[in-house]
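Architecture at a glance
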Amino acid sequence: MDAALTAERNDMKALIARIWRMFSGSLQWRILWIRNAKFIVGVTGVVRDPDGKVLLLRHRFWPRHSQWGLPSGHANKGEPFEETVAREVAEETGLTVKVGRLVSLNSGYRFRVEVAYEAVVTGDREPKVDGFEVLEAQWFEPHELPQGLLPSHRRLIEQTGG
C-alpha cells in the first residue's frame, strides 16, 4: 500500500474519532444501542444437595422429548445473575439455595446469552411445585439422570463434577 493511501486512511480514522468524541455520552450510548444486537440472558442453576444429588425439574412448556432440566429462567433488568438463580429456584421449587461459582457463560444462541452457576440447597430439601410451569421436581444421583434431560444441562452437570 502506498504512503499516500495510508496517510489518507489515517486522516479518515482521526476524523471519525474526533466526530465520535463530539457526541455526548448519552448520544454515543443510543448509537451503540441501535447498532448492536440485544440479548435475553438465560440463567441456570446446577443445584445440589449436601449428598451431591442434582435437582432436576420436569417442565410443562418444554418439548415432550426433553422436559427434564435444571432450574432456569431469565434475568430481570439490572438483576445480578446469582440472584436470578436464587429467585428462579425459589419460584419453581420453594427451595432456598446458596449460589456458588460461575460454571458457564455462552452466547451461542440467536439473541440469548446463557449463564450457569453452581448452587447448594440450604434448609428444607423437599421441593414444592405449583404444577403449572413445573410438573415435578426430583433429586437425582449424577450417574442416574433421567431420559429426556436437555443435553446442554447434562453437560453442565458433568462439568460440575457429576
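Up top is the structure these notes are about.
First, a word on what this report is: a plain description of the structure on this page. (Residues numbered from 1 in each chain as written. Predicted model: local features only at pLDDT ≥ 70, side-chain atom pairs only at ≥ 80, totals over all residues. Heavy atoms only, no water.)

1. Here we look at the nonpolar core
Definition in use: Throughout, nonpolar core names a set of buried Ala, Val, Leu, Ile, Met, Phe, Trp, Tyr and Cys residues whose side chains join them through atoms within 4.5 Å. The classification of residues rests on relative accessible area computed with a 1.4 Å probe and restricted to protein chains. Under 20% of the type maximum is buried, over 50% is exposed, and intermediate values are partly exposed. Working definition: helices are DSSP H or I runs of at least four residues, strands are E runs of at least two. Numbering for both runs from the N terminus. Here, residues are in contact when the closest pair of their heavy atoms is within 4.5 Å.
Counting 17 residues, the largest nonpolar core has V47, L55, V85, V89, L95, V115 and W139 as its most contacted members. For this core, the elements supplying multiple residues, two or more each, are β1 (40-48), β2 (54-59), α3 (81-93), β6 (112-122) and β7 (134-140). Sorting elements by how many residues they give to this core places β6 first, with five residues. Among residues more than four places away in sequence, those in contact with V115 are V41, G42, V43, T44, F81, L102, S104 and L105. Within the second largest apolar cluster, 12 residues are counted, among which are V46, V54, A116 and L156.

2. Points about the side chain of T93
This is how it is decided: The definition of a polar contact used here is a pair of N or O atoms within 3.5 Å, where within protein one atom must be able to donate a hydrogen and the other to accept one, and adjacent residues in sequence count solely through side-chain atom pairs.
As for its placement among the helices and strands, T93 is situated in helix α3. For T93, the side chain forms a polar contact with the main-chain oxygen of V89, separated by 2.6 Å. Setting aside its immediate chain neighbours within four residues, T93 contacts L55, L57, P127, K128 and A137.

3. Focus on the environment of I31
Turning to its location among the elements, I31 is positioned in helix α2 (residues 25-35). Looking at I31, the relative accessible area reads 33%, which means it is partly exposed. Measuring from C-alpha to C-alpha, the distance between I31 and A14 comes to 19 Å, with 17 residues separating the pair along the chain.

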